[in-house]
Amino acid sequence: MSDSILGIIGSGQLGSMLCQAAKKLNVRTVVISDDEQGPAQTYADQFIFAKYDNQQKIKQFIDKADVVTFEFENIPISILKQIEKEKKVLPKPEINRIIQNRKLEKSFINELGIETTKWAFIEKAEDVTKNSNLLPGILKTNTLGYDGQGQFILKSLADVKKDWCFTADYILEKKVNLKKEISIIITRFIDGETFIYEPIENLHKDQILKHSKIPANIDEKTYKKAQKNAKLIADKLGYVGSMCVEYFIDQDDNLLVNEIAPRVHNSGHLTINAFNISQFENHIRAVCGLKFEKPKKNSNAEMINILGKEIEEYRSKTFKEDEFFFDYGKKIIKEKRKMGHLTILKK
Ligand code: ADP
Ligand code: MG
């Protein structure tokens, strides 16, 4: 199906990297986005700028694409379902319905017998009082959070009266005393064939990913369990494409699922240089029904996220032969905004 046109919803850096991978495979792309300046338009064959409720533009997008995927999960589910009536959407919108909602996501994972952080669903201030055993904890909006947005740290019940109010549904999670964070990228094909990349070790600063590396410094048992649970999740969801499972490892070496990202993921950027088939290429192969090829690792690697103004320094830097700089080409520099990344291949 390499002569088909892939529709991609969203035009950020993940969209850019998906378009570049598609090019390599002779798959043409049409991107739709509500960001007029979205960087992926540089790499897409066609670009549609539209608010996601613009019916006429959505129709145009549906007509142009043979199969549709997305770079971010917080797309209104009604739109994904509307597209699905006419064209195949992969991963399935039903998966998004679960994962966009932290309560449904965590319930789904727990029902598979997989451990998450301890959590409770919160609608009003009294619900926090009832679940004070989860303090110190993190209150997260039940939907629409990313890069730490919509999160409030509650040290004690006194914080409930602070500067936020209950305008949305939340979940309250017990704060985990983290030893490490890791993630698994898994690509699952339509026939159920899967490739599970090795665990990636991640470091967050102010709830935003700053650094990733392979190999992760973890024991064999954790390595295997992280991969096994990711496969269980992908199989149960009937997932098609690349997805990410983010894990916490606590001080007692318990492996807890933090969250699932039903898409390619920032921690997997190092797969572009460290593997012959990246998470992006693998995603395109899976959703377009191309042949499964087992990716091969050619190097260890580290990735550094370049945030906000840091990009200016990188733009004038010279790099060594094992350093790969990616500038996302975002027009506006904002504090903590992901502007680019650097991958360094390691022995
Ligand atoms: P987002 O949807 O913004 O990625 P996450 O739930 O993944 O939100 O949180 C972002 C980061 O914040 C995590 O990777 C972790 O570093 C920190 N964090 C979130 N929840 C907890 C928790 N319950 N305990 C400890 N750290 C947490
Ligand atoms: Mg996260």
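These numbers come from a predicted model, not from an experiment. (Residues numbered from 1 in each chain as written. Chains lettered and ligands numbered in written order. Predicted model: local features only at pLDDT ≥ 70, side-chain atom pairs only at ≥ 80, totals over all residues. Heavy atoms only, no water.)

**Things to note about the domain arrangement of the chain**
Right, on to step 1. Looking at the chain, the domain boundaries give domain 1 (5–89), domain 2 (118–174) and domain 3 (178–346).
Right, on to step 2. Each of domain 2 and domain 3 has a C-alpha centre, and these two points are 28 Å apart.
Right, on to step 3. Across the contact, five residues belong to domain 2 and five residues belong to domain 3.
Right, on to step 4. Interface area for domain 2 against domain 3, summed over the two sides, is near 400 Å², with a carbon-plus-sulfur share of 36%. (Domains from an automatic or database assignment. Contact = heavy atoms within 4.5 Å. Buried area = accessible area lost by both parts, 1.4 Å probe.)

**A look at the site of ligand 1**
Right, on to step 1. Neighbouring ligand 1 are 21 residues; K140, G148, E181, N258 and E259 lie closest to it.
Right, on to step 2. Note that a nitrogen atom of ligand 1 is positioned 3.0 Å from one of the backbone N or O atoms of K174.
Right, on to step 3. The separation between a nitrogen atom of ligand 1 and a polar main-chain atom of V176 is 2.9 Å.
Right, on to step 4. Relative to its free-state accessible area of 550 Å², ligand 1 is covered by the protein chains to the extent of 92%. (Near = heavy atom within 4 Å. Polar contact = N/O pair within 3.5 Å; in protein donor to acceptor, adjacent residues only side chain to side chain. Areas by Shrake-Rupley, 256 points an atom, 1.4 Å probe, with all protein chains shown as cover.)

**Some thoughts on the sheet that holds strand β4 (residues 67–70)**
Right, on to step 1. Taken in spatial order, the five strands of this open sheet run β3-β2-β1-β4-β5, and their pairing is parallel. Both outer strands of the open sheet, β3 (46–49) and β5 (88–89), are each paired with one neighbouring strand and no more.
Right, on to step 2. Relative to β5, β4 is paired through two bridges, and the arrangement is parallel. Each residue of the ladder has a partner; that of V68, found in β5, is V89. (Pairing = 2+ DSSP bridges. Helix = DSSP H or I, 4+ residues; strand = E, 2+ residues; numbered from the N terminus.)

**Structural notes on empty space enclosed by the protein**
Right, on to step 1. Under the defined criterion, the tally for this structure stands at one cavity of 30 Å³ or more.
Right, on to step 2. Together, E181, I182, N202, H204, L209, E246, Y247 and H265 line the largest cavity.
Right, on to step 3. Elements that contribute at least two residues to the lining of the largest cavity include exactly β10 (178–188), β12 (200–205) and β14 (241–250).
Right, on to step 4. Residue composition of the lining of the largest cavity, grouped by class: three nonpolar, three polar and two charged. (1 Å grid on protein atoms, 1.4 Å probe; cavity = no way out; pocket = protein on both sides within 12 Å on 5 of 7 lines; lining within 4 Å. Points joined across faces, edges and corners; volume = space filled by probe spheres on them. Nonpolar A, V, L, I, M, F, W, Y, C, P; charged D, E, K, R; others polar.)

**Focus: unusual backbone geometry**
Right, on to step 1. The omega angle of the peptide bond from L135 to P136 is -5°, so this bond is cis rather than trans.
Right, on to step 2. One can find P136 in the loop between α6 (125–130) and β7 (137–141).
Right, on to step 3. Geometrically, the link from I214 to P215 is a cis peptide bond, its omega value of 0° lying close to zero.
Right, on to step 4. On the secondary structure map, P215 appears in the loop between β13 (208–214) and α7 (220–237).
Right, on to step 5. Phi is positive for D253, which is not a glycine, with a value near 65°.

**What to know about the coordination of the magnesium ion (ligand 2)**
Right, on to step 1. Protein coordination at the magnesium ion (ligand 2) comes from E246 (OE), E246 (OE) and E259 (OE), with a distance range of 2.0 to 2.8 Å. Separated by 13 residues along the polypeptide, E246 in strand β14 and E259 in strand β15 (residues 255–261) bring together distant segments of the chain.
Right, on to step 2. Residue E246 is classed as buried on the basis of its relative accessible area of 11%. (Donors = N, O, S within 2.8 Å, 3.2 Å for Na, K, Ca; no water. Buried < 20%, exposed > 50% of the residue type's maximum accessible area, 1.4 Å probe, protein only.)

**What about the sheet that holds strand β6 (residues 119–122)?**
Right, on to step 1. Reading across the sheet, the four strands line up as β6-β9-β7-β8 and stay open at both edges, with antiparallel pairing between neighbours. With one partner strand each, in any of the chains shown, β6 and β8 (151–154) form the two edges of the open sheet. Ignoring which end each strand starts from, the neighbouring axes of this sheet average 25° apart.
Right, on to step 2. Summarising the sheet, β6 and strand β9 (residues 170–174) pair through four bridges and their orientation is antiparallel. Paired with A120 across the strands is L172, a residue of β9.
Right, on to step 3. Along the sheet face, helix α5 (residues 102–111) touches β6, β7, β8 and β9 and points at about 150° away from the line of β6. (Axes fitted to C-alpha atoms, helices over the stretch in contact; angles between N-to-C directions.)

**Section: the side chain of S33**
Right, on to step 1. Topologically, S33 is positioned in strand β2 (residues 28–33).
Right, on to step 2. Overall, S33 belongs to the buried group, its relative accessible area being 1%.
Right, on to step 3. A distance of 2.7 Å separates polar atoms of two side chains, one belonging to S33 and the other to S11.

**Describing the environment of D235**
Right, on to step 1. One can find D235 in helix α7.
Right, on to step 2. Each C-alpha atom, one on D235 and one on F61, is 29 Å from the other, the two residues being 174 residues apart in sequence.
Right, on to step 3. Setting aside chain neighbours within four positions, we find D235 in contact with R188 and T194.

**Some words on the environment of K118**
Right, on to step 1. When you line up the elements, K118 lands in the loop between α5 and β6.
Right, on to step 2. Its relative accessible area of 57% is what places K118 among the exposed residues.
Right, on to step 3. As for K118 and V176, which are separated by 58 residues in sequence, their C-alpha atoms are 9.0 Å apart.

**Section: the side chain of E281**
Right, on to step 1. With respect to the helices and strands, E281 occurs in helix α9 (residues 279–287).
Right, on to step 2. Among the residues examined, E281 registers a relative accessible area of 4% and is labelled buried.
Right, on to step 3. Excluding residues that lie within four positions of it along the chain, E281 makes contacts with A21, K24, L25 and N276.

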